[in-house]
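Topology and contacts: notes
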Amino acid sequence: ALFFGVVAFVNACSQAPGTTTTTVTTTVTTVSADDGSEAGILSAHERSLIRKTWEQARKDGDVAPQILFRFVKAHPEYQKMSKSFADVPQAELLGNGNFLAQAYTILAGLNVVIQSLSSQELMANQLNALGGAHKPRGATPVMFEQFGGILEEVLAEELGSGFTAEARQAWKNGIAALVAGIAKNLKKAEDLADPQTKLTPHQIQDVQRSWENVRNGRNALISSIFVKLFKETPRIQKHFAKFGSAAVDSLPGNAEYEKQVALVADRLDTIISAMDDKLQLLGNINYMRYTHIERGIPRAPWEDFSRLLLDVLGSKGVSTDDLDSWKGVLAVFVNGVSPRN
């Protein structure tokens, strides 16, 4: 809730470059600064200290731009979240109209929240709304922690000796409690997909862990998939010239077939083992794509192979949650190797 004004910061990310439209919602439940009917997340004394120090700091018209400027300077990746000034050189931000408009939007939002700290219900609603609004944008609790740290730095410089150790602790307590509330509705870092691989660390960990349990029997696993695949769609077997005409039931034990099975099993093992190395993962997918284009293998066999692999993994006891991660990983792999037309 302390960062309720940041809603406007991220909402502005959707504005077209060059615009300065600023919207601030000011309709809130009014709570007296002395209202002690609800304990809220802070003690009455802490709330009083936060209001008092904020009231002193915000009188300086430069405090809002300084907070936002320090934030994007320390964490430039967040500047890219705001389209209206994403490409403005940092040296020019403090003179940029879109940047200043956003800074004062945040200031207005902070004013609203700080005056509402006594209402536990209102704070809970705002935390849920704030977390929900930021979840689709990939925001993490770390972002809010970092913003809170910058806010504390600016307040300390602005207020000097007026920002006592007791006041600093009140702000720390407020920031920690509010971030914890916001975090309930935010994605964790391990659930955020890499923009290039399209995979999350969580998916990669699930796949690598469950694969480790079956990798010693990977040749038999791949062979069972091939047999099912060739029986379902006989024409797929024709892509393998060295055993394309052999009876499917006679394939196990066929030297050329066993070589192919081992090759596929080892390739899959290599890809899964290196999934947490983004460059190697992308390299493996690109290699598979270009080598199989030459053989004219369409997308459908890759999709069927993935489906059958999921079936086999399920029969091996892989959990439903891990299978969900496998589905995501295999979709990325299939799309990379054989993109849709």
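Residues numbered from 1 in each chain as written. Predicted model: local features only at pLDDT ≥ 70, side-chain atom pairs only at ≥ 80, totals over all residues. Heavy atoms only, no water.

A few points about the layout of surface pockets
In this model, the largest pocket occupies a volume close to 530 Å³. As for the largest pocket, its lining consists of 25 residues, and the residues nearest its centre are Gln260, Val264, Met288, His292 and Trp302. Every element with two or more residues in the lining of the largest pocket is listed here: α9 (218-232), α11 (255-273), α12 (278-293), α13 (299-315) and α14 (320-337). Broken down by element, the residue count for the lining of the largest pocket peaks at six residues, all from α11. (1 Å grid on protein atoms, 1.4 Å probe; cavity = no way out; pocket = protein on both sides within 12 Å on 5 of 7 lines; lining within 4 Å. Points joined across faces, edges and corners; volume = space filled by probe spheres on them. Helix = DSSP H or I, 4+ residues; strand = E, 2+ residues; numbered from the N terminus.)

Overview of the nonpolar core
General note: in soluble globular proteins, nonpolar side chains tend to be found buried as a group. Judged by nonpolar contacts, the single largest core of 45 residues is most densely connected at Ile222, Phe226, Phe230, Leu309 and Trp326. Of all the secondary structure elements, the ones that give two or more residues to this core are α8 (201-212), α9, α11, α12, α13 and α14. With eight residues, the top contributor of residues to this core is α14. Filtering out sequence-adjacent residues up to four positions away, Leu309 remains in contact with Leu221, Ile225, Leu268, Trp326 and Leu330. (Core = buried A, V, L, I, M, F, W, Y, C linked by side-chain atoms within 4.5 Å. Buried < 20%, exposed > 50% of the residue type's maximum accessible area, 1.4 Å probe, protein only. Contact = heavy atoms within 4.5 Å.)

Quick notes on the packing of aromatic side chains
Enumeration over the complete set of coordinates arrives at 14 aromatic pairs. Ring geometry for Phe230 and Phe240: centres 5.8 Å apart, planes at 55°, overall tilted. Pair noted here: Phe230 is in helix α9 and Phe240 is in the loop between α10 (234-237) and α11, with a separation of 10 residues, a long-range link. Taking the relative accessible area as the measure of exposure, Phe230 reaches 1% and is therefore buried. Each residue in the set Phe226, Phe230, Phe240, Phe243, Tyr257 and Phe305 is aromatic and connected to the rest through ring pairs, giving one cluster. (Phe/Tyr/Trp six-rings, centres within 6.5 Å; stacked < 30°, edge-to-face > 60°.)

Quick word on empty space enclosed by the protein
By the definition in use, this model includes two cavities of 30 Å³ or more. Its volume calculated, the largest cavity comes out at about 100 Å³. Every residue lining the largest cavity is counted, 13 residues in all, and those nearest its centre are Ile271, Ile272, Met275, Val329 and Phe333. Secondary-structure elements contributing two or more residues to the lining of the largest cavity are α11, α12 and α14. The leading source of residues in the lining of the largest cavity is α14, at five residues. Of the residues belonging to the lining of the largest cavity, the class tally is 13 nonpolar, no polar and no charged. (Nonpolar A, V, L, I, M, F, W, Y, C, P; charged D, E, K, R; others polar.)

Quick look at the environment of Ile285
Here Ile285 lies in helix α12. By relative accessible area, which is 10% here, Ile285 ends up buried. When the C-alpha atoms of Ile285 and Ser338 are compared, they prove to be 9.7 Å apart, with 53 residues separating the residues in sequence. The residues contacting Ile285, other than those within four sequence positions of it, are Phe333, Gly336 and Val337.

Considerations on the pattern of salt bridges
Scanning the model with the defined rule gives 18 salt bridges in all. Residue Arg70 is joined to Glu157 by a salt bridge in which the shortest nitrogen-to-oxygen separation is 2.5 Å. Of this pair, Arg70 sits in helix α3 (residues 63-74) while Glu157 sits in helix α6 (residues 141-159), and the two are 87 residues apart along the sequence. By relative accessible area, which is 55% here, Glu157 ends up exposed. With a closest N to O distance of 2.7 Å, Arg299 and Glu303 form a salt bridge. With Arg299 and Glu303 both in helix α13, this residue pair falls four residues apart, about one helical turn. On the accessibility criterion, Arg299 (15% relative accessible area) is buried. Because the salt bridges share partners, they merge into one network encompassing Arg70, Glu153 and Glu157. (Salt bridge = Lys/Arg side-chain N within 4 Å of Asp/Glu carboxyl O.)

Such coordinate-based values are descriptive only and should not be taken to indicate function.
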